[in-house]
Amino acid sequence: MSKPFLQIRGIRKEYGPVTAVHDVNLDVAQGEFLTFLGPSGSGKSTTLYILAGFEAPTRGDILLNGETLLSTPSHKRNIGMVFQRYTLFPHLTVGENIAFPLKVRRLPKAEIDAKVRDMLKLVRLEGFEDRKPAQMSGGQQQRVALARALAYDPPVLLMDEPLSALDKKLREEIQHEIRRIHQQTEVTILYVTHDQEEALRLSDRIAVFSKGVIDQIGTGPELYANPATRFVAEFIGDSDFLPCDLVTAANGKAEIALAGTTVIPNVPVHGKPVAGGKAALMLRPERLRLMRSAPGGATAVPVTISDITFLGNNIHVATETARGDALAVRLPFGHEAISSLSRGDSVWLGFDPASAHVFC
Ligand code: ADP
Ligand code: MG
């Protein structure tokens, strides 16, 4: 296997009594689009700032092509950065903003002019060269910031919630642009967001941050199908949890007892299972089957319908178990069961134990 391009090794960052990042480890491949996904305060930005050289870690190392970056000051790391807020120089034109990092690097004028033209083309802002940032929309300003960050061909581009100040439609449009630019330039991108949909849309792999550590790293489908922790299960996709008792567990599979059902074998189990202990069964709304009559032999939970909501291409059915736990099921629009269902009906929600998860 080739040597990893970028390695984050045991990074920790303390601010006095606050530990912002506990122990972050990560290998990033060249050309990869990797996203830090997590709630506010989970240490995403701090990790990014350490990579950029704006902050020094309390412990740990960062290697680019096998060499430590920590002894190189921020302005010599050659790493591009785009922030949440527009950080263009307001008194400079768009062209001058993009040229700025190239002038700092003392490139010849003809080369700078050609590069500015290339970058304007890359972000589809040809003809905007002489505008001032204030004469452009938020989305256009972020595209200029992207052009400026990419102008000197950095090996790595860091982006910290660059779209969070934009409205939904514009955000989706620029997500599309960022994907295209990534494919076109093959620059390695580390991207920060708290929005799971954005992370799924953009990334080759996602690192899920929780309280200063990475809970799990994987592709979107991997995290969705096989969440390592309850936190990841709740953060990627929709899920409900039912309390259950763990009967036995071995080789990553558990046998569980769930109120209203017989004992269910062969459910993938995570955490530290203890026979006879309490656990939580995770069920995803789109993986449940709705049945009108008691299923013979199938694994199913008896529930009562509490609400039915039409959501365009699918229908959300809210249900409750006898002990009052909420369990949602999503059915495709036109599902034949829907027309005959109403609030208060008793039904069964069937599931394949192999597609469920138990967290201890
Ligand atoms: P995120 O980007 O995931 O929202 P941050 O990396 O910004 O999280 O912050 C992680 C934690 O570290 C938070 O609890 C935050 O309050 C704290 N923190 C970040 N920067 C500083 C700082 N300069 N001084 C003190 N605490 C900080
Ligand atoms: Mg942040």
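Residues numbered from 1 in each chain as written. Chains lettered and ligands numbered in written order. Predicted model: local features only at pLDDT ≥ 70, side-chain atom pairs only at ≥ 80, totals over all residues. Heavy atoms only, no water.

Colleague: Is there a simple way to think about the overall build of the chain in this case?
Modeller: In terms of helices and strands, the chain carries eight helices and 20 strands. Referenced to the eigenvectors of the C-alpha coordinate spread, the extents of the chain come out at roughly 80 × 45 × 40 Å. Within the chain, the proportion of its 360 residues that are buried is 49%. Of the contacts made within the chain by residues no fewer than 6 positions apart, 67% connect residues no fewer than 24 positions apart. (Helix = DSSP H or I, 4+ residues; strand = E, 2+ residues; numbered from the N terminus. Buried < 20%, exposed > 50% of the residue type's maximum accessible area, 1.4 Å probe, protein only. Contact = heavy atoms within 4.5 Å.)

Colleague: I tried to follow the pairing of strand β17 (residues 314-321) on my own but got confused; where do I start?
Modeller: Residues in a regular strand project their side chains so that they alternate between the two faces of the sheet. Relative to β17, strand β16 (residues 300-310) is paired through seven bridges, and the arrangement is antiparallel. Looking at the pairing, Ile308 lines up with Val317 of β17. Two successive antiparallel strands, β16 and β17, enclose a turn made up of three residues, where Gly312 displays a positive phi of approximately 85°. Judged from the seven bridges that link them, β17 and strand β18 (residues 326-332) form a sheet pairing that is antiparallel. If you follow Asn314 over to β18, its bridge partner there is Pro332. (Pairing = 2+ DSSP bridges.)

Colleague: Honestly, the site of ligand 1 in this entry has me stumped. Any pointers?
Modeller: Inspection of the region around ligand 1 gives Tyr15, Ala20, Pro39, Ser40, Gly41, Ser42, Gly43, Lys44, Ser45 and Thr46 as its neighbouring residues. Contact between ligand 1 and Ser45: an oxygen atom at 2.8 Å from a side-chain N or O atom of the residue. For ligand 1, the protein covers 60% of the area, taking 560 Å² as the surface of the free molecule. With three residues, the single largest contributor to the shell around ligand 1 is helix α1 (residues 44-52). For the shell around ligand 1, the class distribution of residues is three nonpolar, six polar and one charged. (Near = heavy atom within 4 Å. Polar contact = N/O pair within 3.5 Å; in protein donor to acceptor, adjacent residues only side chain to side chain. Areas by Shrake-Rupley, 256 points an atom, 1.4 Å probe, with all protein chains shown as cover. Nonpolar A, V, L, I, M, F, W, Y, C, P; charged D, E, K, R; others polar.)

Colleague: I'm lost on the environment of Ser164 in this one. Help?
Modeller: Among the structural elements, Ser164 can be located in the loop between β7 (156-160) and α5 (168-185). With 69 residues separating them in the primary sequence, Ser164 and Ala233 have C-alpha atoms 23 Å apart. Within the structure, Ser164 has its side chain in polar contact with the side chain of Gln84 (distance 3.2 Å). A distance of 3.1 Å separates a polar side-chain atom of Ser164 from the backbone oxygen of Glu161.

Colleague: Looking at this structure, how should I read the layout of surface pockets?
Modeller: Leftover empty space is mapped by rolling, across the atoms, a probe with the size of a water molecule. Taken as a whole, the largest pocket holds about 530 Å³ of empty space. Around the largest pocket, the lining comprises 21 residues; the ones closest to its centre are Ile79, Met81, Pro101, Arg105 and Tyr152. Elements that contribute at least two residues to the lining of the largest pocket include exactly β6 (80-82), α2 (94-104) and α4 (138-150). Tallied by class, the residues present in the lining of the largest pocket amount to 12 nonpolar, five polar and four charged. (1 Å grid on protein atoms, 1.4 Å probe; cavity = no way out; pocket = protein on both sides within 12 Å on 5 of 7 lines; lining within 4 Å. Points joined across faces, edges and corners; volume = space filled by probe spheres on them.)

Colleague: It is not clear to me how the sheet that holds β7 should be interpreted in this structure. Could you clarify?
Modeller: Backbone hydrogen bonds are what pair the strands of a sheet, in a parallel or an antiparallel way. Spatially, β6-β7-β8-β3-β9-β10 is the arrangement adopted by the six strands of the open sheet, whose pairing is mixed. Each end of this open sheet is capped by a strand with a single partner; those strands are β6 and β10 (213-218). Strand-to-strand twist in this sheet, taken as the mean axis angle between neighbours without regard to direction, amounts to 15°. Pairing analysis gives five bridges linking β7 to strand β8 (residues 188-193), with the strands arranged parallel. The residue bridging Leu158 from the neighbouring strand is Leu190, located in β8. Sheet strands touched by α1: β3 (33-37), β6, β7, β8 and β9 (205-210). Its angle to β7, the strand with the most contacts, is close to 150°. Set on the sheet, α4 makes contact with β6 and β7; between it and β6 the angle comes to about 170°. (Axes fitted to C-alpha atoms, helices over the stretch in contact; angles between N-to-C directions.)

Colleague: Sorry, what's going on with the packing of aromatic side chains here?
Modeller: The description of an aromatic ring pair rests on the distance of the ring centres and on the angle between the ring planes. A full pass over the atoms with the stated rule returns eight aromatic pairs. Considering the side-chain rings of Phe241 and Phe359, the 6.3 Å spacing of their centres and the 55° angle between planes classify their relative orientation as tilted. Separated by 118 residues along the polypeptide, Phe241 in strand β11 (residues 240-250) and Phe359 in strand β20 (residues 357-359) bring together distant segments of the chain. Through successive ring pairs, a cluster of aromatic residues spans Tyr49, Phe54 and Phe83. Sitting over the face of the ring of Tyr15, Lys13 holds its NZ or CZ atom 5.2 Å from the ring centroid. Of note, Arg105 hangs over the ring of Tyr152, and the distance from its end group to the ring centre comes to 3.7 Å. (Phe/Tyr/Trp six-rings, centres within 6.5 Å; stacked < 30°, edge-to-face > 60°. Lys NZ or Arg CZ within 6 Å of the ring centre and 35° of its normal.)

Colleague: How should I be thinking about α1 in this particular structure?
Modeller: An α-helical segment advances 3.6 residues per turn. Residues three or four places apart therefore align on the same side. Counting buried residues in α1 gives seven out of nine residues, a clear majority hidden from the surface. Every buried residue of α1 is accounted for by Lys44, Thr46, Thr47, Leu48, Ile50, Leu51 and Ala52. Looking at the residues trailing α1, positive phi occurs at Gly53, about 90°.

Colleague: Whenever I open this one, empty space enclosed by the protein confuses me. Can you help?
Modeller: Taken as a whole and judged by the stated rule, the model has two cavities of 30 Å³ or more. Estimates place the volume of the largest cavity at around 50 Å³. Together, Val82, Gln142, Arg143, Leu146, Met159, Pro162, Leu163, Ile174 and Ile178 line the largest cavity. Mapped by element, the contributors of at least two residues to the lining of the largest cavity are α4 and α5. Among the elements that make up the lining of the largest cavity, the one with the highest residue count is α4 (three residues). Taken together, the residues of the lining of the largest cavity sort by class into seven nonpolar, one polar and one charged. For the second largest cavity, the full set of lining residues is Leu283, Arg284, Arg287, Leu288, Phe351, Ser355 and Ala356. Partitioned by chemical class, the residues of the lining of the second largest cavity number four nonpolar, one polar and two charged.

Nothing here speaks to function; it is all geometry.
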